[in-house]
Amino acid sequence: MPTIETLTRRTEPVPPETPGSVIFTRFQQEADTLGIPVVVDGCPVGLIERDAFLLKFAAPLAHAHYADRPVTLLMDPEPAVVEAGVRVDAFSHALLNSGPGALMRSFIVTRNGVYQGVGSAVALIQAVNAGQLERISTLTEEARSLADTRVQGMAALSRELRTPMNGVLAVAELLRRLPLPVAARSHVSTIVESSRSLLQVLQDAVDLARAEAGELELNLQPTPLQALMDGVQA
């Protein structure tokens, strides 16, 4: 997550004696400027908020009253000030907890008390959202990679287990063809059916891993209900 400094706009500051008419002209010419800092010897002493300033100037006779007077009469003498090295997410959390009014205001960014630039809550929220989207994208890719790994692992395990199980199943089928006693034939049938069931469980495990990875392709087929119910009963 970037620091506040990366989202700071270097707005040209003004000294306290600057007349209001100069600030009014700047706001007219600089449509993207949300706040103009008032600085003395490199240190901020106030902030002129665009909306608040223009609202005062819009009042009757306000232009004549403030045009030639110093901006100290129109500035916020206690603006929000944050150090340039503060993380965006940390400051955004504090800003959101300050109430909805804080979202409409600008803030001054300093480094060791020296003016660096002006930031806005809008830019912070956009940066946080971009960071969250990037994080979500990263987690999605990690999850997809993990799912692919699980599919490959399950497929490999299935292949390793299928080989000996197919051997058991083949030998059981051969035994079932021999002239065996009734009880022995029943046991061999159990071996065959259990082997087939285990092979199906392996296939189900692979299918489940593929489903979690979003790679499972469905193949719709009729279901023999009688055979299904006979198997459940057995």
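Residues numbered from 1 in each chain as written. Predicted model: local features only at pLDDT ≥ 70, side-chain atom pairs only at ≥ 80, totals over all residues. Heavy atoms only, no water.

### Let's talk about the overall build of the protein
Each helix and strand counted, the protein has seven helices and five strands in total. N-terminal to C-terminal, the α/β element order of the protein is α-β-β-α-α-β-α-β-β-α-α-α. Taken over 234 residues, the protein has a buried fraction of 28%. Residue pairs at least 24 apart in sequence account for 66% of intrachain contacts in the protein once pairs closer than 6 positions are excluded. Within the structure as shown, the protein displays about 15,000 Å² of accessible surface, and the carbon and sulfur contribution to it stands at 60%. (Helix = DSSP H or I, 4+ residues; strand = E, 2+ residues; numbered from the N terminus. Buried < 20%, exposed > 50% of the residue type's maximum accessible area, 1.4 Å probe, protein only. Contact = heavy atoms within 4.5 Å. Areas by Shrake-Rupley, 256 points an atom, 1.4 Å probe, with all protein chains shown as cover.)

### So, the pattern of salt bridges
In this structure the tally under the stated criterion is four salt bridges. The partner of Arg-196 in a salt bridge is Glu-173, with the nearest N and O atoms 2.7 Å apart. Remark: Glu-173 occurs in helix α5 (residues 121-176) and Arg-196 occurs in helix α6 (residues 182-212); sequence separation between them is 23 residues. A residue is classified by how much of its surface remains accessible, and Arg-196, at 40% relative accessible area, is partly exposed. (Salt bridge = Lys/Arg side-chain N within 4 Å of Asp/Glu carboxyl O.)

Purely geometric stuff here, so don't read any function into it on its own.
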